[in-house]
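Below are the chains, spelled out letter by letter.
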Amino acid sequence: LGAVLDHMDPYTLEETMQEMDLPEKKRVVPLLDNNQKAAVLNTMHQNPRGAADVWKICNKAQRRKVAGHLTRKLVASILPAIQSSEDQLELLSDLGSDRRPDVLLHMSRPEDVRGLLESADPALRKQLIMEILEYDPGAAAELLRSMGQDFLSKQADLP
């Protein structure tokens, strides 16, 4: 099976993943190398739920390696589809401070970003907000305004 998977392009692998149920995915995903995992995930931005399933199957070390190869578009679409806020924050952490703000500013729904920020501990929340403010002050201000005055009033320690 590994030899067959080696010769499949990401789109064919992704189509195959769509047809598999979760137990089948759990058997196949570990057979992919990290580059294949990233390539398959990057084709799955139209199916964030399926991509989140594939992401969850990877172990923590694989997730960290794969995260560096994921596109902003994919991460922005699968973050809201990942059920556990702990896993969401882990993915954000694995992206690194240079890529996090870009992903947060490109998530399609401000309420998803707000949910992520609210699930972070206060120090991480402040760090994430500061990162997006430094990355693109105008877009960050617009995003923060869209989260509502009640959210902003709780961020008293921000400049």
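Every value quoted in this text rests on a predicted model; they were computed, and no experiment measured them.

**Here's the deal with the pattern of salt bridges**
- Evaluation of the coordinates by the stated rule reveals 13 salt bridges.
- Of the charged contacts in the structure, one is a salt bridge between Arg72 and Asp102, with a shortest N-O distance of 3.5 Å. On the criterion of sequence distance, the pair formed by Arg72 in helix α7 (residues 72-78) and Asp102 in helix α9 (residues 100-105) is long-range, its members being 30 residues apart.
- The exposure class of Arg72 is partly exposed, given its relative accessible area of 36%.
- Linking Asp112 and Arg109 is a salt bridge whose minimum nitrogen-to-oxygen distance equals 3.3 Å.

**Things to note about a nonpolar patch on the surface**
- Among the surface-exposed residues, Leu1, Val4 and Leu31 lie close enough to one another that they form a single nonpolar patch of about 290 Å² accessible area.
- With respect to the helices and strands, the residue Leu1 is situated in the segment before α1 (2-6).
- A relative accessible area of 61% places Leu1 in the exposed class.

**So, the nonpolar core**
- If you look at the biggest cluster of nonpolar residues, it comprises 47 residues, and the most contacted ones within it are Leu41, Trp55, Leu70 and Leu91.
- With 5 residues, the top contributor of residues to this core is helix α5 (residues 48-57).

**What to know about helix α10 (residues 110-119)**
- Residues of α10 that are buried include every one of Asp112, Val113, Arg114, Leu116 and Leu117, and no others.
- On its buried face, α10 sits against α8 (85-95), α9, α11 (122-135), α12 (137-146) and α13 (149-153).

Procedures and definitions
Residues numbered from 1 in each chain as written. Predicted model: local features only at pLDDT ≥ 70, side-chain atom pairs only at ≥ 80, totals over all residues. Heavy atoms only, no water. Salt bridge = Lys/Arg side-chain N within 4 Å of Asp/Glu carboxyl O. Helix = DSSP H or I, 4+ residues; strand = E, 2+ residues; numbered from the N terminus. Buried < 20%, exposed > 50% of the residue type's maximum accessible area, 1.4 Å probe, protein only. Patch = residues over 30% accessible without salt bridge, like charges linked within 9 Å, V, L, I, M, F, W, Y side chains within 5 Å. Areas by Shrake-Rupley, 256 points an atom, 1.4 Å probe, with all protein chains shown as cover. Core = buried A, V, L, I, M, F, W, Y, C linked by side-chain atoms within 4.5 Å. Contact = heavy atoms within 4.5 Å.

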